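The primary structure of each chain is shown beneath.
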Amino acid sequence: MIHLIGSGGHARVVLDSLAALGLPAQSIAVFDQNPDRIGGKIGSHTIQGFDAVQLSHSSVHICIGDNRARANVAAALEEVGCTLRTIVDPRAIVSASATIGAGTFVAAGAIVATGATTGRGCIINHGAIVDHECVLADFVHIAPGATLAGSVAIGQGTLVGAGANVLPGISVASNAIVGAGAVVIDDAADPSVYVGVPARKVERR
Ligand SMILES: CC(C)(COP(=O)(O)OP(=O)(O)OC[C@H]1O[C@@H](n2cnc3c(N)ncnc32)[C@H](O)[C@@H]1OP(=O)(O)O)[C@@H](O)C(=O)NCCC(=O)NCCS
């Protein structure tokens, strides 16, 4: 049994991957803490409420796009003995020499190249490229169509926005945001927001 936590758009993507992997619907349960969603439907699944204790020692996958929220829920569930389940869509390309951290999701069309490493609880979204020898810390999100060139390092909790590019060997700090479409050509050392081509640091609102 796999317990999906979260029932928004990202959960729909994860459910699509589980279907592609051939998991029967009966072996999937969907949970959310948002009272507005509990009792509603996502696909054929009724969304259930939960508290961490109820799910203790379960196999869980956190389907929450927001990095901080995903990390917080993961910490609460690991505290009660849950294991973070990794999901790799069969339509993704993952090198045999790549390392995918526990609880990470790799979406359809994504590429994780040779020698690349993702941390725990990351999202490598549709069509994203994590090229050779990149190192991603925990709870990073590489959004749809973003490209990390070779040997890029991404710090914990950082979002690389849709269609952004990070040039070879560049490091991006923890808890940063690379805006959609940005091209990062220098190290991004602060936990700030970086937008544009070439990317420039802007104040976080
Ligand atoms: C960068 C980002 C985080 C800024 O969001 P925000 O803090 O709400 O900022 P605002 O939308 O108020 O924009 C602030 C300024 O930055 C500019 N800006 C925002 N996003 C930008 C981007 N991606 N590229 C260039 N400029 C951008 C805005 O035009 C605005 O400029 P102004 O002050 O001259 O008017 C957001 O626009 C973004 O790109 N997020 C990535 C989303 C994404 O890819 N998610 C993946 C989901 S799967």
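Just so you know, the residues in each chain are numbered from 1, in the order the chain's sequence is written. Totals for whole chains, interfaces and linings use all residues, but because this is a predicted model, local features are given only for residues with pLDDT of at least 70 and pairs of side-chain atoms are given and counted only at 80 or more.

**Looking at the overall build of the chain**
Defined as follows: Only DSSP runs of H or I covering at least 4 residues are called helices, and only runs of E covering at least 2 are called strands; the numbering of each starts at the N terminus. Two things to know: the radius of gyration comes from C-alpha atoms, and the globule rule equals 2.2 Å times the number of residues to the power 0.38. Residue burial here comes from a neighbour count, namely the number of other C-beta atoms, placed from the backbone, that lie within 10 Å of the residue's own C-beta, with 20 or more meaning buried, 12 or fewer meaning exposed, and in between meaning partly exposed. Two residues qualify as being in contact provided that their C-beta atoms, derived from the backbone, are within 7 Å of each other.
A tally of helices and strands in the chain yields two helices and 23 strands. Its C-alpha atoms give the chain a radius of gyration of 17 Å, near enough to 17 Å, the size a compact globule of 205 residues would have. Taken along its principal axes, the extent of the C-alpha atoms in the chain is 45 × 40 × 30 Å. Buried residues in the chain amount to 40% of all 205 residues. Taking as baseline every contact in the chain between residues at least 6 positions apart, the subset at least 24 positions apart corresponds to 25%.

**Comments concerning helix α2 (residues 67-79)**
Where we set the bar: In this scheme, a helix's expected span is set at 1.5 Å multiplied by one less than its residue total.
The end-to-end C-alpha distance of α2 is 18 Å, a good match for the 18 Å that 13 residues give at a rise of 1.5 Å each. Residues of α2 that are buried make contact with β1 (2-5), β5 (59-62), β6 (83-84), β14 (141-142) and β17 (159-160).

**Some words on the nonpolar core**
Heads up, the rule is: Note on terminology: a nonpolar core is any set of buried Ala, Val, Leu, Ile, Met, Phe, Trp, Tyr and Cys residues joined through C-beta atoms within 7 Å. Domain boundaries shown here were taken from an automatic or database domain assignment.
In terms of nonpolar packing, the biggest core is built from 57 residues, with Ile124, Val130, Ile142, Val160 and Val178 touching the most fellow members. Here this core gathers at least three residues from each of two domains, domain 1 (2-84) and domain 2 (86-205). In this structure valine 160 touches Ile142, Ala143, Ala146, Leu148, Ile154, Val166 and Val178, once residues within four positions along its chain are discounted.

**Considerations on the domain arrangement of the chain**
To keep it simple, the criterion reads: Charged means Asp, Glu, Lys or Arg here, nonpolar means Ala, Val, Leu, Ile, Met, Phe, Trp, Tyr, Cys or Pro, and polar covers whatever is left, Gly included.
For the chain, the domain assignment lists domain 1 (2-84) and domain 2 (86-205). The C-alpha-based centres of domain 1 and domain 2 are spaced at 23 Å. The partner domain 2 presents 17 residues to the 15 residues of domain 1 that form the contact. When residues of the side of domain 1 that touches domain 2 are traced back to their parent elements, those giving at least two are α1 (9-20), β5 and α2. Here the residues of the side of domain 1 that touches domain 2 sort into nine nonpolar, four polar and two charged.

**Considerations on the sheet that holds strand β12 (residues 129-130)**
Rule in force here: What makes two strands pair is DSSP finding at least two bridges between them.
Taken in spatial order, the six strands of this open sheet run β8-β10-β12-β15-β18-β21, and their pairing is parallel. Looking at which strands have only one partner, the edges of the open sheet turn out to be β8 (93-94) and β21 (183-184). Across two bridges, β12 lies against strand β15 (residues 147-148) in parallel orientation. The partner of isoleucine 129 across the bridge, within β15, is threonine 147.

**Some points on unusual backbone geometry**
Looking along the chain, the bond that leaves valine 197 and enters proline 198 is cis, with omega of -10°. Within the secondary structure, proline 198 sits in the loop between β22 (193-195) and β23 (200-202). Despite not being glycine, histidine 57 has its phi angle at roughly 65°, a positive value. Turning to its location among the elements, histidine 57 is positioned in the loop between β4 (45-46) and β5. In this model, phenylalanine 139 sits at a positive phi of 55°, which is unusual for a non-glycine residue. In this structure, phenylalanine 139 sits in the loop between β13 (135-136) and β14.

**Some details on the environment of proline 144**
Considering the arrangement of structural elements, one finds proline 144 in the loop between β14 and β15. As a C-alpha pair, proline 144 and isoleucine 5 span 139 residues in sequence and 21 Å in three-dimensional space. Among all residues touching proline 144, those that are not within four sequence positions of it are Asn125, His126, Gly127, Ala128 and Ala162.

**Some remarks on the pairing of β1**
Rules: Handedness is read with the strands pointing away from the viewer; a crossover is right-handed when the path from the first strand over the helix to the second is clockwise.
Here β1 pairs with strand β2 (residues 28-31) via four bridges, running parallel. In the sheet register, isoleucine 2 faces β2, and the bridge partner there is isoleucine 28. Handedness of the crossover joining β1 and β2 through α1: right-handed. Relative to β5, β1 runs parallel, the two sharing three bridges. Each bridged residue has a counterpart across the sheet, and for histidine 3 the counterpart in β5 is valine 60.

**A short note on the sheet that holds strand β11 (residues 123-124)**
Spatially, the eight strands line up as an open sheet ordered β7-β9-β11-β14-β17-β20-β22-β23, and their pairing is mixed. Unpaired on one side and paired on the other, β7 (87-88) and β23 mark the two borders of the sheet. Where β22 and β23 come together, three bridges link them in antiparallel fashion. Bridge pairing links tyrosine 194 to lysine 201 in β23.

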